[in-house]
Amino acid sequence: MPEALGGLDGLPRARLGHYPTPLEAMPNLAAALGRGGVFYVKRDDCTGLAFGGNKVRQLEFYLGEARAQGADTVLITGAVQSNFVRTAAAAAARLGMDCHVQLEERVAKPDPEYRNSGNVLLDRMLGATLHSYAQGEDEAGADRRLHEIADELAAAGRKPYVIPLAPGHKPLGALGYVDAAREILAQLEDRGLRIDEVVVASGSGATHAGLLFGLRALGSAIRVTGICVRRAAGIQRDRIVARCAEIADLLGTASVVDPEDVVTADDWLAPGYGQLNAPTIRAIDLAARCEALILDPVYTGKVLAGAIRRAEESGPDRNILFIHTGGAPAAFAYSAALTEALAGLRAKG
Ligand SMILES: *Cc1c(COP(=O)(O)O)cnc(C)c1O
């Protein structure tokens, strides 16, 4: 089996998380949906490190490379309420490095709560230096500006490491989810459980592509459905296909993912990145009331909405695994919108 994962175990890695994360059933949610079968959750909200989430697994490989290069300062760019940025700030703190974060204005008309609470508050607490980037949807521009900041730091004698997130960079973060696929398959085997389908967020695609690649490399045919949180399904699908090829390159193995096997769904994206819709608020409400799982409006609320639809559409024998990728701190930045939406939902009964 190790050969199937190529050079994974030989790559530099900084251990940051608590593993394995729990794999649990959600019996109350399954009952609320009035469906037989089993609805599981992989608790990657419990990876530890400053509220956890999927970025902990991803950052182990970036910070491993940073450390191997002798870096003393980490730079990252992301949305204002980015969990990646917050987790990078946490990882840098743990490894004794400085952290500079660039926050991109991707959400229209943000209120003071959005700009200061949730992850932004945590970025500040974790000691990161904050920079703002005004053009929200300009990945290349944001990347260029971040490299300029890195150049300024280098000129001042620092050893900066820019966490490379724009497409075309080697997808080190996805390796965290190649490894998570191995962890999930071991849990299923140990406990004699069967999963037919995994439902996971598809944002940058590191999580989606890594899981899909890891499962196929290890010989598993479990269906992987990626729920789009930022881009339309067709564009996202191409992105995942490209990411999978890059993972194979990085590991020095043959590509194991057939492009036909890449499934993306964008039915829960509208009205857009970081914006609530009715199925998402229903999913957030059900997860909290039935299972005490705290979801966020940007990612996990939309993904569980997608998983619920898959559960409702499929027969009672189909066992579905929802990947809880964390993100709860962002809920505080959306508290006005969430309060109103929950009140509306409960008024309807
Ligand atoms: C970043 C993030 C995602 C998306 O993961 P990608 O690997 O970027 O696709 C999903 N959920 C949460 C909570 C996140 O922070």
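Rules used throughout
- Residues numbered from 1 in each chain as written.
- Predicted model: local features only at pLDDT ≥ 70, side-chain atom pairs only at ≥ 80, totals over all residues.
- Heavy atoms only, no water.
- Buried < 20%, exposed > 50% of the residue type's maximum accessible area, 1.4 Å probe, protein only.
- Helix = DSSP H or I, 4+ residues; strand = E, 2+ residues; numbered from the N terminus.
- Pairing = 2+ DSSP bridges.
- Right-handed = clockwise from strand over helix to strand, strands pointing away.
- Contact = heavy atoms within 4.5 Å.
- Axes fitted to C-alpha atoms, helices over the stretch in contact; angles between N-to-C directions.
- Salt bridge = Lys/Arg side-chain N within 4 Å of Asp/Glu carboxyl O.
- Near = heavy atom within 4 Å.
- Polar contact = N/O pair within 3.5 Å; in protein donor to acceptor, adjacent residues only side chain to side chain.
- Areas by Shrake-Rupley, 256 points an atom, 1.4 Å probe, with all protein chains shown as cover.
- Core = buried A, V, L, I, M, F, W, Y, C linked by side-chain atoms within 4.5 Å.

Draft legend 1. Region of interest: the pairing of strand β3 (residues 73–79). Among the seven residues in β3, seven count as buried, and that is most of the element. Looking at chain direction, β3 and strand β4 (residues 98–104) are connected through seven bridges and run parallel. Each bridged residue has a counterpart across the sheet, and for L75 the counterpart in β4 is H100. Read from β3 through helix α3 (residues 83–94) to β4, the crossover connection turns out right-handed. Pairing geometry for β3 and strand β6 (residues 160–162), over three bridges, is parallel. Counted as the bridge partner of V74 is Y161 from β6.

Draft legend 2. View of the environment of A174. Take A174: it is sitting in helix α7 (residues 172–191). Residues A174 and A209, spaced 35 residues apart in sequence, show a C-alpha to C-alpha distance of 6.6 Å. Excluding residues that lie within four positions of it along the chain, A174 makes contacts with A206, G210 and I247.

Draft legend 3. Seen up close, the sheet that holds β6. A sheet is described by the order of its strands in space; here four strands give the open sequence β5-β4-β3-β6, paired in parallel fashion. Where the open sheet ends on each side, the last strands, each with one partner, are β5 (129–133) and β6. Pairwise comparison of adjacent strand axes, ignoring direction, gives a mean angle of 25° for this sheet.

Draft legend 4. The environment of C228, seen in detail. Along the chain, C228 falls in strand β8 (residues 223–228). Put simply, C228 and L269 are 41 residues apart on the chain and 6.3 Å apart in space, counted from C-alpha to C-alpha. Leave out the neighbours within four places in its chain, and C228 touches S202, A233, Q236, T264, A265, D266 and L269.

Draft legend 5. The arrangement of the pattern of salt bridges in detail. Within this structure, the stated rule accounts for 29 salt bridges. D44 is the partner of R57 in a salt bridge, and the nearest nitrogen-oxygen pair spans 2.8 Å. Within this pair, whereas R57 is found in helix α2 (residues 54–68), its partner D44 is found in the loop between β2 (39–43) and α2, the two being separated by 13 residues in sequence. In this structure, R57 and D44 share a single accessibility class: buried. Across the pair E65 and K170 runs a salt bridge whose closest N-O atoms are separated by 2.7 Å. Residue E65 is found in helix α2, and its partner K170 is found in the loop between β6 and α7; the two are separated by 105 residues along the sequence. Residue classification places K170 among the partly exposed positions, given a relative accessible area of 42%. Each of E197, R223, R309, R310, E313 and R318 takes part in a single network of salt bridges with overlapping partners.

Draft legend 6. Layout of the site of the ligand. Inspection of the region around the ligand gives 15 residues, with K55, G203, S204, T207 and T325 positioned closest. In the environment of the ligand, an oxygen atom lies 2.8 Å from a nitrogen or oxygen atom belonging to the backbone of G203. With respect to the ligand, the side chain of T325 contributes an N or O atom lying 2.6 Å from a nitrogen atom. About the coverage of the ligand: the protein hides 96% of its 380 Å² of free accessible area.

Draft legend 7. Spatial organisation of the nonpolar core. F39, L63, I163, F213, L304 and F322 are the most contacted members of the largest nonpolar core, which totals 100 residues. Sort the elements by how many residues they give to this core and α7 lands first, with 10 residues. If we ignore the near neighbours within four places in the chain, the residues touching L304 are L29, F39, A283, A287, L295 and F322. By size, the runner-up hydrophobic cluster in this structure holds six residues, among which are L75, I149, A150 and V162.

Draft legend 8. Region of interest: unusual backbone geometry. Between Y19 and the following residue, P20, the backbone shows a cis peptide bond with an omega angle of -5°. Tracing the sequence through the fold places P20 in the segment before β1 (23–25). The amide bond that connects A270 to the next residue, P271, takes the cis arrangement and shows omega of 0°. By the secondary structure assignment, P271 is in the loop between β9 (263–265) and α10 (278–291).

Draft legend 9. Region of the structure containing the side chain of D45. Assignment of secondary structure puts D45 in the loop between β2 and α2. Only 2.9 Å separates the side chain of D45 from the side chain of R43, close enough to count as a polar contact.

Draft legend 10. Summary view of the sheet that holds β2. Sheet architecture is open: six strands sit in the order β1-β2-β10-β7-β8-β9, paired in mixed fashion. At either end of the open sheet lies a strand with only one pairing partner, and these are β1 and β9. Put simply, the sheet's adjacent strands are angled 30° from each other on average, direction ignored. Summarising the sheet, β2 and strand β10 (residues 320–324) pair through five bridges and their orientation is parallel. Within β10, the position partnered with K42 by the bridge is I323. Of the strands in this sheet, β7 (197–202), β8, β9 and β10 touch helix α8 (residues 206–217), which is tilted by about 150° from β7.

Structural measurements only, silent on function.
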